[in-house]
Amino acid sequence: MRYAETGFNLEIDLTRGSIERVATDPGETGLYLGGLGTNAKLLWDRVPPEVEPFSPENLLIFAAGLLCGTPAPGCNRTIVSTISPQTRLMAFSMMGGFWAPELKYAGYDKVILRGKSPGLVYLWIHNDKVEIRDASHLQGKGANETAELIQQELKEPKAQVAAIGLAGENRVYFASIEQGRSSASRGGIGAVMGDKRVKAIAVRGTGDINIAQSVEFLALCNEVLNYIKVRADNPIPGVMPILAGLGSPQEMRIHDEKWHTESFMWGNSRERRKDFWTEEVEKEWMETMENARTRLISCYNCPMKCAATISLPGLPTYMMKCFSKLTYTMAAFSNLDFGLRIAQRATEYGVDAFSTPQVMAFGLELYENGILTDTDMKGLPSDNDERFFWLLDRIVRREGIGDLLANGTYWAAQEIGKGAEAFAHNNIKKTEQMPLKLSMLNPIYFLMYCTGEKVNITQIEGQFPQMPFETREEREEFVKDWVQVPDEKFKDYFLDWELRGEKSFPYYPTVQMCCDIVDWQEKMHYIDDALGMCAGLSSFPLKPPYHIHNYPDLISAGAGIEMDEARLTKAAKRYRTLVRAINIRRGMRRKDEKPPENHWKKRFPELEKELLDTYYTFKGWNNEGIPTKESLHDLGLDYVSDDFLQRGILTDSDKEVSHEG
Amino acid sequence: MACEVICSAFHASPKYSSNNPARSRIRVIRDPIADIYVPVYAGEYSVAECAGRDKYTIDGKDYDECAFCRASCPSRDLFKEPDSGLPLKCDMCESDPPLEKPMCVQWCLNDALIYEVREEEVEEEVKLEDLEIGLEALADKYGLTKIMDIITRMSASKKG
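Residues numbered from 1 in each chain as written. Chains lettered and ligands numbered in written order. Predicted model: local features only at pLDDT ≥ 70, side-chain atom pairs only at ≥ 80, totals over all residues. Heavy atoms only, no water.

**Points about the overall build of chain A**
Along the backbone of chain A there are 25 helices and 22 strands. The globule rule puts the C-alpha radius of gyration for 661 residues at 26 Å, and the 24 Å found for chain A is close to it. C-alpha extents for chain A along the principal axes are approximately 60 × 60 × 55 Å. A total of 661 residues make up chain A; the buried ones form 65% of that total. Restricting to contacts in chain A with at least 6 residues of sequence separation, those with at least 24 account for 69%. Put simply, chain A shows about 23,100 Å² of open surface, and 49% of that area lies on carbon and sulfur atoms. Of the charged side chains in chain A, 78 are positive and 94 negative, and the gap between their average positions amounts to 2 Å. (Helix = DSSP H or I, 4+ residues; strand = E, 2+ residues; numbered from the N terminus. Rg over C-alpha atoms; globule rule 2.2 N^0.38 Å. Buried < 20%, exposed > 50% of the residue type's maximum accessible area, 1.4 Å probe, protein only. Contact = heavy atoms within 4.5 Å. Areas by Shrake-Rupley, 256 points an atom, 1.4 Å probe, with all protein chains shown as cover. Lys, Arg positive; Asp, Glu negative; His and termini not counted. Charge placed at Lys NZ, Arg CZ, Asp CG, Glu CD.)

Now the structure itself:
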C-alpha cells in the first residue's frame, strides 16, 4: 500500500485524446519526495532542451504535494511545472486553495498534460472517471466564471476547478491559472495551458488517503496546531505587523500600509513616496477595505485566514490575498479602490498580479518618453485609472500594443527597441520582480536574487529575520525559543548582527554565513514545494510550526518513508540540483544570475563576486553555476552528468570543485 | 475543512489510518462567493426526502433548506459512506476514555464550532411547576402570543 501519496498519475495526451492511469515508482518518492521534486524528474526525463514552451512536447504538470490530503494542517498546495514562455526555463508556480487535496481523494498525485488539443477543452476528473470535454462554450469566459459554469454544468458544486481566463487562452506570457482564492501565477504557466487548449481542470474525489503510522502522525499534527495557537498569542515583537504572525503576509486583515507604500516603489518600480501614508490616506483606504471585504477566508484544512472575499458595488465578488492588494494601486499611482476594482477584472482574465501592473506601467512610461507613439497607443484614454483598464483589456486580447506587452517587459523591450530595454529595469531572468529599490547592498538577498530559480524573492526568503534587531537584548529574546534553526550557529549569526558598524551590511553576515542562511531559507521552500505545504506555515514566516526538525518525522509517519534530517536535506538538495540542471541544459549560466541592476544604490563588485563564487562552491556548482560531476555523483544524479558530458556542458577535465570555500 | 478531515480520520479503522472528507460526519455547506458557510453534523437517517422545500433568506443570503438539515437522506449524497451509501451519524467522537471535546471542535481554531454541555438546563426543565405545564400546553394549542394577549387584557381589566 502507498501512504500519503496515491501512487498513480494521470497521463493525458491532448493531441490524441488519450487518458492513462499510470502507477508510479515508490523508489522515486524516496529520492525526490513528490510535488516539485518528482515534477523536476519528469521534466528532466521527458522534456529535452530543444523543446519550446509552446510545443506539444512541453509537459504541463499539476502535482499535489506528497502530504496533501493528509491531516497535516495547511498542506494543500498544487505545484504546477512546465517550461516557461517568459524565462524559457523551468517554471514551478504554486497555488493553495482546495484543488490538490481533491486530486488526491480522486486517486491521483499528478495530472501530466502533453500534446495539444485541436479545440478548447476542459478535463473532468471524478474518481475513476476522467473525461476530456468540449469547452468551446467557455471560450473567452473569466476564470472564476468558468469555474462556476463548470460546476453548474456538471451539477457538482463540490468540484474544485483550476481555470485560465482570456490571458491564458491568448498565451499572455504572464497568464496565471486561477482557482478561486489562489492562483499559480508566475512564469506564464497559464499561457502553456492555453497553448494546450485546456480551459480548466475540474476535480472531485471521494476516496481515502492512507497514513503509515497514524497515531504518531496525528500527534505531530496536533503539535503543529498547538504551536499555531501559541504563535497567534505571541506575535514577534520588532517586526512589521504583517510579518509578526504566521500565514502569508496579512494584507487582507491589516490596514497599516505605511511600510509597503513608503518603502516599495510606485509606477514602473520608479518612485519612492516617503511621506505617502498620511492619516487621511489611512482613513480612506481603511474604509475602502472594510466596505469591500466580506470575510477573511482560508484554504483547505488551514486555520489561517490569509485571503478575503471582496465585494465591490457593481462588480462580481472575487477572492484575493497578499500583496496583489497594492500592486495595481502602486503601479498606477492610484488608490486602493482602484486597486481592488482592477484586480477583480485581472483575476477573471487570469494574470499575474506582480508582472501585470508593472508591464502596464512600463508601457505608459515608454509612451511618456516618446518610445511608444500615439499611433501605438491609439485610443488610450486620458484618465489615469482608465488607462490601466484599457491596457489590461488590450494585453489579454493581444490587441494592438497589447500584443507586444503581453510578452512581458523583457521581450516587449527587445521587440520595441529604441532604448526600451532600459525601461525593463526590474527583471531577473526576464521576469518582473517586486518593486523595490534600496540603498545598501544586502548580501543575503543578493545571493537569493542571483541564484533563485523560482524567479520570485518571496518564494525563497523567510526563516531568518530580514533586518537585525536594534539591541542585543531584543536579539537575545528572539533567539530564546528559536527552535527552528537547523544549527545553533544561526543564533550566533543573528545575535552579533548590528544595524550599524562593523557587524552590519554589507560585510556582515560574512560571506560564509550568507551562504548558510540562503541555503537554509531556500531548502525549506524546496521541501515545502515537494510536500505541498503552504510556505505561510513553514518556509516564509519567522518561527513557523513546520521546520527541519519535525518534517522528517511527519514524512516518515505520513508517507512511510524512512527519513531523518540528513536524508531530507539530501533529497531537497537532489531535486533542487535537478531544477538547476534542467535550466543549465536550457542555457542558463552565471551571466544570467544577477539582481536588477538598480536594485541597490551601493554596490560592492568584489564582495559580490566573492559571494557568488563561494555560494556556487558551497552548493557544489562550478564557476559557471553548473553542478559538478562530483556533486552530481554524491546526489545519485550521475544521469545528469552523463547528459552534461554528452552535450559538452561539462567536460571530463571539470574537476575544479573545492569544498574549502 | 479541518473538521471534515479530522472527523474522517478519527472514524477510520484503525483510528487515523486514513482520511477522506467524503466520509466525514460533519460537513461545511460552503459557497465562498455567496459567503455561505454552514457547518452541519450528521443526524438521524431519513428513509424518505421531505415533501416541502423552501429557500431561506438570512442577512440577504439565500440558503437552500437542505443547507440546515442534518439528515442522511435519499435526496443528497451528504452523510453517506461513499462506497456503500450507508448512512453516517455523528457520535460526538465517542471513545474510551471520552474526549474532552469532539475532534472537529478541537481542530477548529477559529471557533466556528463550539462544544457545550447543556445537561443542567435539561434538569431545570424537568422541574416545571403544574401551572407552567398547563400554560405550555395551552401555548402549544393556541400560540404564545394569543395567551399573552389574553393575560394582558385580563390584568388590564383587573386593574380597571
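**Notes on helix α2 (residues 36-46) of chain A**
Given 3.6 residues per turn, any residue in an α-helix points the same way as the ones three and four places further on. Of all 11 residues in α2 of chain A, nine are buried, a share of seventy percent or more. Turning to α2 of chain A, its buried residues are L36, G37, T38, N39, A40, K41, L42, L43 and W44 of chain A.

**Re the sheet that holds strand β17 (residues 307-310) of chain A**
All names here are of chain A. On the basis of which strands lie adjacent, the open sheet formed by three strands has the order β16-β17-β18 and antiparallel pairing. Edge positions in the open sheet fall to β16 (293-297) and β18 (318-321), since each of these has one partner strand only. On average, each strand axis in the sheet is tilted by 30 degrees relative to the strand beside it, whichever way the strands run. Pairing of β16 with β17, which is carried by four bridges, proceeds in the antiparallel orientation. Looking across to β17, one finds that I297 is bridged to A307. (Pairing = 2+ DSSP bridges. Axes fitted to C-alpha atoms, helices over the stretch in contact; angles between N-to-C directions.)

**Some remarks on the sheet that holds strand β6 (residues 110-114) of chain A**
Residues and elements named next belong to chain A. The six strands lie next to each other as β2-β1-β6-β3-β4-β5, forming an open sheet whose pairing is mixed. Edge positions in the sheet fall to β2 (18-23) and β5 (90-95), since each of these pairs with one other strand and no more. Taken over all neighbouring pairs, the strand axes of this sheet differ in orientation by 15 degrees on average, direction set aside. As judged from the four bridges shared by strand β3 (residues 60-64) and strand β4 (residues 78-83), these two strands associate in the antiparallel manner. Each residue of the ladder has a partner; that of I61, found in β4, is S81.

**A short note on a negative patch on the surface**
Residue and element names in this part refer to chain B. The grouping of E129, D130, E132, E136 and D140 at the surface amounts to a negative patch. Position of D140 relative to the elements: it lies in helix α4 (residues 130-142). Residue D140 is classed as exposed on the basis of its relative accessible area, which comes to 67%. (Patch = residues over 30% accessible without salt bridge, like charges linked within 9 Å, V, L, I, M, F, W, Y side chains within 5 Å. Salt bridge = Lys/Arg side-chain N within 4 Å of Asp/Glu carboxyl O.)

**Notes on helix α1 (residues 2-10) of chain B**
Counting buried residues in α1 of chain B gives nine out of nine residues, a clear majority hidden from the surface. Restricting attention to buried positions, one finds in α1 of chain B the residues A2, C3, E4, V5, I6, C7, S8, A9 and F10 of chain B. Structurally, α1 of chain B contributes buried residues whose contacts are with α3 (99-106) and α7 (214-233) of chain A together with β1 (18-19), β2 (26-31) and α2 (103-107) of chain B.

**Some thoughts on the environment of S653 of chain A**
All names here are of chain A. Within the element layout of this structure, S653 appears in the segment after α25 (638-647). Among the residues examined, S653 registers a relative accessible area of 60% and is labelled exposed. In the structure, S653 is positioned 551 residues away from E102 in sequence and 50 Å away in space, judged by C-alpha atoms.

**Considering the domain arrangement of chain A**
All names here are of chain A. Segmenting chain A into domains produces domain 1 (8-204), domain 2 (249-354), domain 3 (355-427) and domain 4 (438-633). If you average the C-alpha positions of domain 1 and of domain 3, the two centres end up 30 Å apart. The interface is formed by 11 residues belonging to domain 1 together with 12 residues belonging to domain 3. Here domain 1 meets domain 3 over a buried area of about 950 Å², counting both sides, of which 58% is carbon and sulfur. On the domain 1 side of the contact with domain 3, N170, Y173 and F174 bury the most area, a combined 51% of that side's loss. Summed over the shared surface of domain 1 and domain 3, the number is zero salt bridges. Linking domain 1 to domain 3 there are six residue pairs in polar contact (both at pLDDT 80 or more). Class assignment for the residues of the side of domain 1 that touches domain 3 results in six nonpolar, two polar and three charged. (Domains from an automatic or database assignment. Buried area = accessible area lost by both parts, 1.4 Å probe. Polar contact = N/O pair within 3.5 Å; in protein donor to acceptor, adjacent residues only side chain to side chain. Nonpolar A, V, L, I, M, F, W, Y, C, P; charged D, E, K, R; others polar.)

**Structural notes on the interface of chain B and chain A**
Counting residues at the interface gives 28 residues for chain B, matched by 34 residues for chain A. Carbon and sulfur atoms make up 54% of the area that chain B and chain A hide from each other, which totals about 2,500 Å². Contact with chain A buries area across many residues of chain B, yet I33, W107 and L109 of chain B alone supply 25% of it, more than any other trio. Run the count over chain B and chain A and you get three salt bridges. For R23 of chain B, the salt bridge goes to D208 of chain A, with nearest N and O atoms at 2.9 Å. Mapped by element, the contributors of at least two residues to the side of chain B that touches chain A are α1, β1, β2 and α2 of chain B. Element by element, the count of residues in the side of chain B that touches chain A is highest for α1 of chain B, at four residues. Of the residues belonging to the side of chain B that touches chain A, the class tally is 16 nonpolar, five polar and seven charged. Bridge count between strand β13 (residues 209-210) of chain A and β1 of chain B: two bridges; the pairing is antiparallel. Opposite I209 of chain A, over in β1 of chain B, you have N19 of chain B as the bridge partner.

**A short note on the packing of helix α13 (residues 355-368) of chain A against helix α16 (residues 408-416) of chain A**
Residue and element names in this part refer to chain A. One way to put it is that α13 packs onto α16 with a least axis distance of 9 Å and a crossing angle of 25 degrees. The angle between α13 and α16 falls in the class roughly parallel. For the pair α13 and α16, the contacting residues are Q358, V359, F362 and L366 in the first and G408, T409, A412, A413 and I416 in the second. Of the residues in the contact of α13 with α16, the class split is six nonpolar, three polar and no charged. (Parallel < 35°, antiparallel > 145°, perpendicular 65-115°, else oblique.)

**Re the nonpolar core**
Formed by 216 residues in total, the largest nonpolar core has its most connected members in F62, V111, L113, I125, I201, I310 and F644 of chain A. With 12 residues, helix α20 (residues 511-531) of chain A is the single largest residue contributor to this core. Beyond its immediate stretch of four places on either side in the chain, F644 of chain A contacts W44, A581, I584, R585, I626, P627, L632, I649 and L650 of chain A. Membership of the second largest hydrophobic core comes to 14 residues, among which are V5, C7, V28 and C104 of chain B. (Core = buried A, V, L, I, M, F, W, Y, C linked by side-chain atoms within 4.5 Å.)

**Thoughts on the domain arrangement of chain B**
How big an interface is tends to be reported as the loss of accessible area on association of its parts. Assigned domains of chain B: these are domain 1 (2-116) and domain 2 (121-159). Put simply, the middle of domain 1 of chain B and the middle of domain 2 of chain B, counted by C-alpha atoms, are 37 Å apart.

**Here we look at the pairing of β17 of chain A**
Residue and element names in this part refer to chain A. Residues A307 and T309 line one face of β17 and the alternating positions A308 and I310 line the opposite face, and both faces are buried. Sheet topology places β17 next to β18; four bridges connect them, and they run antiparallel. Counted as the bridge partner of A308 is M320 from β18.

**Here's the deal with a positive patch on the surface**
Residue and element names in this part refer to chain A. Taken together, the side chains of R272, K274, K601 and K602 make up a positively charged region of the molecular surface. Structurally, K274 is set in the loop between β15 (271-272) and α10 (279-292). You can call K274 exposed: its relative accessible area is 55%.

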